[in-house]
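Read off the chains here:
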Amino acid sequence: MKKNLIIITVLPLAVLLLGLTLNLNMSDPLPVKTVHGMNLNQARQLLFQSAGKCMSCHNNLVTPSGENVSFGIDWRTSMMANSARDPYWHAAVRREVTDHPESQALIENECSTCHMPMAHYQVSSNGEMAKVFANLPANQAVTQQNMLAIDGVSCTTCHQITGENFGEKESFVGNFGIDKLTPMGERKIYGPYPVDVGRSTIMHSSSGFRQAQSKHIQQSELCATCHTLYTHTLGPDGEVIGELPEQVPYLEWKNSSFVDEQSCQSCHMPVVKDSMPISSVWGQPRAELSRHSFRGGNFFMLSMLNRYRDELGVLALPQEMDAAINRTINHLQTKSSRVFIEKAEINESELLVALAVQNLAGHKLPTAYPSRRVWIHFKVQDANGNTVFESGAVNTDGSITGNDNDREANAYEPHYADITNEEQVQIYEAILADQHDEVTTGLLTGIRFIKDNRILPRGFDKATADEDIAVQGSAYKDGDFIGGMDTVTYRIPVEEPFSSHTVTAELIYQPIAYRWAQNLDTYDTPETNSFVQYYDSMSDNSSVVLASTTLTVE
Amino acid sequence: MKNEHYAYRGLFSIAVLLTLFAVTAANKSLNVVTESKYGSAVYVSEKGFQYLIPPVTGKELYMQACANCHGADGKGASVNQLSLQTAPPDFTDCSFATREPDGDWISIAHQGGPTRGFSREMPAFGDALSREDLQKIMNHIRTFCTDKDWPRGELNLPRPLVTEKAYPEDEAVLTSIFDVENEGAVTNEIVYERRFGARNQIEIVFPFGYSEQQNGNWTGGHLGDMAIGVKRTLYHNINSGSIFSITGEVILPTGDESIGFGSGTTILEPFASFGQILPMGGFLHVQTGIEYPLLRDKAGDEAFWRAALGKRINPNPWGTTWSPMIEFLGSRELESGAVNHWDIAPQMQVTLNRRQNIMLNFGVRIPADDPSRDTRLMVYLLWDWFDGGLLEGW
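None of these values were measured; they are calculated from a predicted model.

Mind showing me how you'd approach the overall build of chain B here?
Counting its regular elements, chain B contains seven helices and 15 strands. Here chain B holds 394 residues, and 52% of them are scored as buried. Contacts spanning at least 24 positions in sequence make up 56% of the contacts within chain B whose residues lie at least 6 apart.

Is there a simple way to explain the confidence of the model for chain A in this structure?
Parts of the model with low pLDDT should not have their predicted coordinates read in detail. Put simply, chain A has an average pLDDT of 92, and 93% of its residues get 70 or more. Scored below 50 in pLDDT, residues 21-32 of chain A makes 22 contacts in the model with residues more than four places away or belonging to other chains.

How should I be thinking about the side chain of arginine 199 of chain A in this particular structure?
Residues and elements named next belong to chain A. In this fold, arginine 199 is placed in helix 10 (residues 197-207). Assessed through its relative accessible area of 9%, arginine 199 is described here as buried. Reaching out from arginine 199, the side chain makes a polar contact with the side chain of aspartate 196 at a distance of 2.9 Å.

Even after reading the chapter, I still don't get the side chain of asparagine 188 of chain B, so can you show me in this structure?
Residues and elements named next belong to chain B. Along the chain, asparagine 188 falls in strand 4 (residues 185-196). Within the structure, asparagine 188 has its side chain in polar contact with the side chain of serine 176 (distance 2.6 Å). Setting aside chain neighbours within four positions, we find asparagine 188 in contact with Thr175, Ser176, Phe206, Pro207, Phe208, Gly209 and Tyr210.

Please explain helix 10 of chain A as it appears in this structure.
Helical geometry note: an α-helix holds 3.6 residues per turn, so side chains three or four residues apart project in the same direction. Residues and elements named next belong to chain A. Counted residue by residue, helix 10 has eight buried out of eleven residues, so it is predominantly covered. Along helix 10, the residues classified as buried are Gly198, Arg199, Ser200, Ile202, His204, Ser205, Ser206 and Ser207. Considering only its buried residues, helix 10 is in contact with helix 3 (52-55) and strand 2 (209-213). The N-capping residue of helix 10, defined by a side-chain oxygen 3.1 Å from the backbone nitrogen of glycine 198, is aspartate 196. Looking at the residues trailing helix 10, positive phi occurs at glycine 208, about 90°.

Looking at this structure, how should I read a nonpolar patch on the surface?
All names here are of chain B. Residues Leu268, Ile290, Tyr292, Leu294, Leu295 and Leu334 make up a contiguous nonpolar surface patch of about 500 Å² in total accessible area. Looking at the element boundaries, leucine 268 is found in strand 9 (residues 267-277). Residue leucine 268 is classed as partly exposed on the basis of its relative accessible area of 33%.

Teacher, can you tell me more about the domain arrangement of chain B here?
By a widespread convention, an interface's size corresponds to the accessible area lost as its parts come together. Residues and elements named next belong to chain B. Domain annotation of chain B identifies domain 1 (60-142) and domain 2 (153-384). On a C-alpha basis, the centres of domain 1 and domain 2 stand 34 Å from each other. Residue-level contacts link 17 residues of domain 1 with nine residues of domain 2. In this assembly, domain 1 packs against domain 2 so that about 1,200 Å² is buried in total across both faces, 41% of it on carbon and sulfur atoms. Broken down residue by residue, the surface that domain 1 buries against domain 2 is led by Arg99, Pro101 and Arg116, which jointly contribute 44%. Among the ionic pairs, aspartate 170 bridges to arginine 99, the shortest N-O distance being 2.9 Å. Scanning the region where domain 1 abuts domain 2 turns up six residue pairs in polar contact (both at pLDDT 80 or more). Taken together, the residues of the side of domain 1 that touches domain 2 sort by class into four nonpolar, six polar and seven charged.

Is there a simple way to explain unusual backbone geometry in this structure?
It is generally the case that most residues other than glycine have a negative phi and that most peptide bonds are trans. Residue and element names in this part refer to chain A. Proline 137 follows leucine 136 through a cis peptide bond whose omega is 0°. Within the secondary structure, proline 137 is located in the loop between helix 7 (117-124) and helix 8 (144-150). A cis amide bond links leucine 365 to the next residue, proline 366, at an omega of -10°. The backbone of glutamate 348 sits at a positive phi, close to 55°, despite the residue not being glycine. Considering the arrangement of structural elements, one finds glutamate 348 in the loop between strand 7 (337-347) and strand 8 (350-359).

Honestly, the state of the cysteines in this entry has me stumped. Any pointers?
Under the criterion given, the structure shown has two disulfides over all chains. In this model cysteine 94 of chain B forms its disulfide with cysteine 145 of chain B; the gap between the sulfur atoms is 2.1 Å. Residues cysteine 94 of chain B and cysteine 145 of chain B share a disulfide whose torsion about the S-S bond is about 105°; that sign makes it right-handed. Linking cysteine 94 of chain B in helix 5 (residues 94-97) with cysteine 145 of chain B in the loop between helix 7 (131-141) and strand 3 (171-179), this pair joins segments that are 51 residues apart in sequence. As a non-bridged cysteine, cysteine 111 of chain A has cysteine 114 of chain A as the owner of its nearest cysteine sulfur, 9.5 Å distant. Among the cysteines around cysteine 69 of chain B, which has no disulfide bond, cysteine 57 of chain A carries the closest sulfur, lying 5.6 Å off.

Whenever I open this one, the pattern of salt bridges confuses me. Can you help?
Side chains that differ in charge, positive against negative, can pair when their charged atoms come close. Applying the stated criterion across every chain yields a total of 36 salt bridges over all chains. Of the charged contacts, one joins arginine 199 of chain B and aspartate 149 of chain B as a salt bridge, the two residues approaching to 2.5 Å between their closest N and O atoms. Here aspartate 149 of chain B lies in the loop between helix 7 and strand 3 and arginine 199 of chain B lies in the loop between strand 4 and strand 5 (200-212), a separation of 50 residues in the sequence. Judged by its relative accessible area of 14%, arginine 199 of chain B is buried. One network of salt bridges, in which partners are shared, links Glu67, Asp74, Arg291 and Arg327 of chain A.

Looking at this structure, I do not really get the packing of aromatic side chains. What am I missing?
Describing an aromatic ring pair means giving the distance of the ring centres and the angle of the ring planes. One pass over the structure, following the stated rule, counts 20 aromatic pairs over all chains. Ring centres 5.7 Å apart and planes at 50° place the aromatic pair phenylalanine 96 of chain B and tryptophan 105 of chain B in the tilted group. For tryptophan 105 of chain B, a relative accessible area of 13% gives the class buried. Aromatic rings pair up to connect Tyr88, Phe300, Tyr369, Trp516, Phe531 and Tyr535 of chain A into one cluster. Arginine 142 of chain B extends its terminal NZ or CZ atom over the ring of tryptophan 105 of chain B, reaching a point 5.4 Å from the ring centre. One cation-aromatic arrangement involves arginine 306 of chain B over phenylalanine 304 of chain B; the distance from NZ or CZ to the ring centre is 4.2 Å.

Thresholds, definitions, all that
- Residues numbered from 1 in each chain as written.
- Chains lettered and ligands numbered in written order.
- Predicted model: local features only at pLDDT ≥ 70, side-chain atom pairs only at ≥ 80, totals over all residues.
- Heavy atoms only, no water.
- Helix = DSSP H or I, 4+ residues; strand = E, 2+ residues; numbered from the N terminus.
- Buried < 20%, exposed > 50% of the residue type's maximum accessible area, 1.4 Å probe, protein only.
- Contact = heavy atoms within 4.5 Å.
- pLDDT = per-residue confidence, 0-100.
- Polar contact = N/O pair within 3.5 Å; in protein donor to acceptor, adjacent residues only side chain to side chain.
- Patch = residues over 30% accessible without salt bridge, like charges linked within 9 Å, V, L, I, M, F, W, Y side chains within 5 Å.
- Areas by Shrake-Rupley, 256 points an atom, 1.4 Å probe, with all protein chains shown as cover.
- Salt bridge = Lys/Arg side-chain N within 4 Å of Asp/Glu carboxyl O.
- Domains from an automatic or database assignment.
- Buried area = accessible area lost by both parts, 1.4 Å probe.
- Nonpolar A, V, L, I, M, F, W, Y, C, P; charged D, E, K, R; others polar.
- Disulfide = S-S within 2.5 Å.
- Phe/Tyr/Trp six-rings, centres within 6.5 Å; stacked < 30°, edge-to-face > 60°.
- Lys NZ or Arg CZ within 6 Å of the ring centre and 35° of its normal.

Given below as structure tokens:
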């Protein structure tokens, strides 16, 4: 009897003590049991959180004048947010690993640095190499690693970057500083505003990050870490045989007059005029809020992401993407360039038009990834409206009439100072060549640019520019190809010199040039096949007019 | 016999002391949150002119601090829009919004969701909002449920071991009663209570027990007399802190009378329950009713009256809640010459998990008038299943 009594008396007490013990363990700084199926220790080792954690509060931001400037919505429509969903990137990486199978692990690791930075740094903190295709397709992301990967260049990527190596070559190619030691719960997240201690608990409790003020995230050097990309040219056995400045807009900016005027952020993250909270949860007004729209120029990829949203796992709503596309095109058409006729006259049987093209951007136009091109569509019509001359007409498949490179992969249009026939097209572009001087679109095959006549930013001195940003080809010797602009002289024979002629000039931009897309068609892989199919289905809208001018010459 | 008498006096004294402690112990939770330094916001006009508008009302505070996720209308914002993994609750749903006291909601707003075992997506406002601010917000949130028929969660007072509370609940309770004197016996009952509508509750009692035989062996698993009852709240008033309910219960003769686990007759048991919030975290339960057996040869009519006095204590204002209570239990057979029986039952209820929907109560029921009756240890484990599963919220 007594034994039973002891048992039945002690048992409830044991339950009581167990309950107390569990309750007393509430001092845990990160009071969660699991995060996406990971246990607490794994969660503490997380370096990042996906953007959803931030969007809950940094959304629904509407200016007093009614403009929605929500960080979450702006960001998720950007190329930054969709860097891992970009089907062109998928195809390009697949092409490279197909061309260089022995280097697949290295290629995936390097490409993931800036397209899947959170996943990359998470695994590299354990000494492992990051993968690309293991995290795809984006619409089937399951694991925490998958979700970090497809979240692209996310909030906790940029806002955790430390500034100690800013501007140094060591910081380029995605080698930004990230604290890999501090556990989640104590990790710092940087922002430009003073930390409001009273409110800091709100963010820390839900995200695990502690706010810290630092202006370094407003420096161009932050963007430079990824947007200064050198690739290693690989030989037949995977050996490194050269280095290519694949995209260096930061260095272009450094060599322009914009270096003292505007940062990358000041243009690509436009400032909101009104003071307003940056959080919808008990936020306080902040001056000079920077929009997180990351407006750039790739309207075409945004359109592709929107059209094939289900396959690509796009989170932004269709109307949000439409707004972003319109915003991008508007940005291109108002901030990138100007075209005007400097001189137009008819001498005897020749129409002479000096057309000036001005670059308003703080880097080359176009810049960054070498698939981008800008060209002049120049047309002359007689008094009856008949076209008597046309150079640079765009076709529905995305190719340019008269462009040798679109007709034949190993050819290309040189830079022109004068254009005298319709087969000549002024295309501002970077043409890549391999070690045998064959034209290529393979990033790890290309070893140098044999043509780079992208329009220089204001203040850029081509004579003193470093080799990595140098003008290549005949543009170097073109005397009116100078910082900020280029002038092309069109000399067109006319049959009726005494009648009026109407000159129309358009500057057209195409983010993914025909050749760069079609070269992928020679590969038979799921990624290249999908992309080429996407491209072909949308090629008639692959370009946009940046600027235009018309003049009637009597 | 004299020694036993002293023992009962001692136990009675301890019970009284516990009661005094319960009523007088300080409740630290009232003084923890400091005043907000950030209780005002800047309003920006269309012309860009900025001026301070202190968010004075609960609605203004709610709109600035809560509406982003919980919606201006209290129905909760879109999960997809906010990238939330957990949908915000619907404050207009009275069945959800009335059940918990303000204090629980304020704890979560101050400490964040995990303090009650909920999602981390519910942030902790910490010192950004004062207790007064949070209370104003709570008052506004309470306006989302427009049906005042639902009793407020504050009236859901801690459950005593014996006295039935007036608040209609969704809970399951496993109670064990150990006879610590003479021959051993353990009586258990599982009580399942389910609320329906704003004021009603159905309950089913499933008793079973174990007893020690003359030879010292135990026999067990005996079903006792099951009961089924319906409760209805007739009156509740959050301002006065009062709630009053009546219950009709039928006890069925499902137990084995021969081994002491049944009465052998159906018994009707109507009773009334009253709950009252007292100052400084105190509370009072009163229950009274009669037992009316259908077969008079099996049992006699009996009246009972019960009261429980207690107090909630939170040594850690956002953590475990301790509720010391003392019950006074009286009964009398309704026949001439019958005597009143009095028991006292000092006890302590404690919440076991963060969610505070799993509780344990441990006490002793002591006969106060007749030392020959047995003292019994009592313990229950309570699961408020509406608030979450058994394994949730730890």
